[in-house]
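As a plain string of letters, each chain reads:
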Amino acid sequence: MVLRSSFDAFAKPIDGVRERSVSGGFITLLASATAAILLVSQLFIYLQVQTRHSMHLAHSVPSVLFSNNGGKSSAAAARKLLNGRHIPLKLHVTFPHLHCNSLDYAHDGNDSSSGKFEHYHSKPYTFTKRVPTTEEYNKAVGNTNRINADINSRREGCTVSGTIHIPRVGGTLSVSVSPDAWRRATSVLAFGMDLMGGQKENVDPFHGRLPNVTHYIHDVTFGAPFPPGTNPLQGAHHVMDNGSGVALANVAVKLVPTTYKRTFHSERETYQASVSKHIVEPATLAAQRSMLLPGLMITYDFTPLAVRHVEKRENLFVFLSSLVGIVGGVFVTVGLVSGCLVNSAQAVAKKMD
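These figures come from a predicted structure and were not determined experimentally.

About the thresholds
Residues numbered from 1 in each chain as written. Predicted model: local features only at pLDDT ≥ 70, side-chain atom pairs only at ≥ 80, totals over all residues. Heavy atoms only, no water. Helix = DSSP H or I, 4+ residues; strand = E, 2+ residues; numbered from the N terminus. Buried < 20%, exposed > 50% of the residue type's maximum accessible area, 1.4 Å probe, protein only. Areas by Shrake-Rupley, 256 points an atom, 1.4 Å probe, with all protein chains shown as cover. Patch = residues over 30% accessible without salt bridge, like charges linked within 9 Å, V, L, I, M, F, W, Y side chains within 5 Å. Salt bridge = Lys/Arg side-chain N within 4 Å of Asp/Glu carboxyl O. Core = buried A, V, L, I, M, F, W, Y, C linked by side-chain atoms within 4.5 Å. Contact = heavy atoms within 4.5 Å. Phe/Tyr/Trp six-rings, centres within 6.5 Å; stacked < 30°, edge-to-face > 60°. Pairing = 2+ DSSP bridges. Axes fitted to C-alpha atoms, helices over the stretch in contact; angles between N-to-C directions. Polar contact = N/O pair within 3.5 Å; in protein donor to acceptor, adjacent residues only side chain to side chain.

### Structural notes on the overall build of the protein chain
Right, so step 1: Counting secondary structure elements, the protein chain contains nine helices and 14 strands.
Right, so step 2: The buried share of the protein chain, taken over its 353 residues, is 33%.
Right, so step 3: Element-wise, carbon and sulfur atoms account for 59% of the exposed surface of the protein chain, whose accessible area totals about 21,900 Å².

Laid out in structure tokens, this is it:
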């Protein structure tokens, strides 16, 4: 027992040897307050999230180009090869001045009017056309003061919405006047009659005027959105105020693959979008003899560089080590200072005696 007690580094003072004083109590309270302040500040620093960004080359993704021969076997094989290599594309746009039967949408040249779009994008991952709701119509016409829109006015418009899966390669998505409606409208304007010889209810869908392709983009999202960022393709209003209402809104999107990692959460593959857009006037389309129809065209591509966004906290063991160091350091420092003050006071008292 005596041998083991000789290794005790924490020798116990004898009762009555140490004296308690007012100055000692004040110093103890000061040390405790200092330690508490340092503990709270250290806890605040630990709770702060540190954000780190890094860039690297994006992973190469093989893709399969669908053949437009209508073969079911080739399309099924292509979908099978693309399994796990595609992302969802969500579209929600309203054209307040176009009937749904005068509107067409296409992806990479596969349009709905020819049936090719449904061939490659079957339900439930496809787009649908419907009459806009009151809220959608009011946003599209830019009138937020109207509470209830006339049902007849809303029937003049069309909303295209839905989600499709696209391969992770560049492509084009368009929502425009259908080719048949455009030919009928230009025929009536040029010759005063419908030379296409269509059905009576489809003749002159724009009542002797050019189609007004003003539209409101409620939302266009590629893949999973990046939570800290904003979507520039959300709430975009393209007003064709050139007198005729005919124009093409050309939107170019650069998609940046971004890995998003939060503390205590698994990694998420998201995409940030950089958008540039301009309105192509009808005179420009005519001068270039473009085959593009008035409406909305979104051209997207993926950058070869990817971003890694990591949000993390300080290591828990580093935090605990800091707490122990703060508590021990404060009391040791205060003990040394108080000891020096007491010894100095005793030395001065002896000299004065």
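Continuing now.
### Quick notes on a nonpolar patch on the surface
Right, so step 1: Residues Met55, Leu57 and Leu305 make up a contiguous nonpolar surface patch of about 330 Å² in total accessible area.
Right, so step 2: As for its position among the elements, Leu305 is in strand β14 (residues 305-312).
Right, so step 3: By relative accessible area, which is 37% here, Leu305 ends up partly exposed.

### Side note on the nonpolar core
Right, so step 1: Ranked by internal contacts, the top residues of the largest apolar core, which has 36 residues, are Leu89, Leu91, Phe127 and Phe222.
Right, so step 2: Elements supplying a minimum of two residues to this core: β2 (86-95), β3 (103-107), β6 (158-167), β7 (171-177), β8 (215-222), β11 (248-261) and β13 (295-302).
Right, so step 3: With five residues, β2 is the largest single contributor of residues to this core.
Right, so step 4: Not counting residues up to four positions away in its chain, the partners in contact with Leu89 are Phe127, Gly162, Thr163, Ile164, Ile166, Leu173, Thr221, Phe222 and Tyr300.

### A closer look at the packing of aromatic side chains
Within a pair of aromatic rings, the relevant descriptors are the distance that separates the centres and the angle that separates the planes.
Right, so step 1: Summed over the entire model, instances satisfying the criterion amount to seven aromatic pairs.
Right, so step 2: Taken together, a centroid distance of 4.9 Å and an interplanar angle of 80 degrees make the contact between Tyr105 and Phe117 edge-to-face. One end of the pair, Tyr105, is in strand β3; the other, Phe117, is in helix α4 (residues 116-120), with 12 residues separating them in the sequence.
Right, so step 3: With a centroid separation of 6.4 Å and 85 degrees between ring planes, the pair formed by Tyr300 and Phe302 is classed as edge-to-face.
Right, so step 4: The exposure class of Tyr300 is buried, given its relative accessible area of 2%.

### Focus: the sheet that holds β2
Right, so step 1: Sheet architecture is open: five strands sit in the order β5-β6-β2-β8-β10, paired in antiparallel fashion. Since the sheet does not close on itself, it has two edges, and those belong to β5 (127-130) and β10 (236-238), each with one partner. Here the strands of the sheet are splayed against their neighbours by 15 degrees on average, with no regard to which way each runs.
Right, so step 2: Sheet strands touched by helix α5 (residues 134-141): β2, β5, β6, β8 and β10. Its angle to β8, the strand with the most contacts, is close to 110 degrees.

### Focus: the environment of Lys129
Right, so step 1: Its location among the elements puts Lys129 in strand β5.
Right, so step 2: Look at Lys129 and you get partly exposed, because its relative accessible area is 35%.
Right, so step 3: When the C-alpha positions of Lys129 and Asn101 are compared, they lie 8.8 Å apart, and in sequence the two are 28 residues distant.
Right, so step 4: Within the structure, Lys129 has its side chain in polar contact with the backbone oxygen of Cys100 (distance 2.9 Å).
Right, so step 5: A distance of 2.8 Å separates a polar atom in the side chain of Lys129 from the backbone oxygen of Leu103.

### Focus on unusual backbone geometry
Right, so step 1: Here the amide bond leading from Lys123 into Pro124 is cis, since omega sits at 5 degrees, within 30 degrees of zero.
Right, so step 2: With respect to the helices and strands, the residue Pro124 is situated in the loop between α4 and β5.

### A few points about the side chain of Thr270
Right, so step 1: Considering the arrangement of structural elements, one finds Thr270 in strand β12 (residues 268-280).
Right, so step 2: If sequence neighbours within four positions are ignored, Thr270 has contacts with Ala224, Pro225, Phe226, Pro227, Val256, Pro257, Thr258 and Tyr260.

Everything listed here is a matter of coordinates, which is why it stays silent on function.
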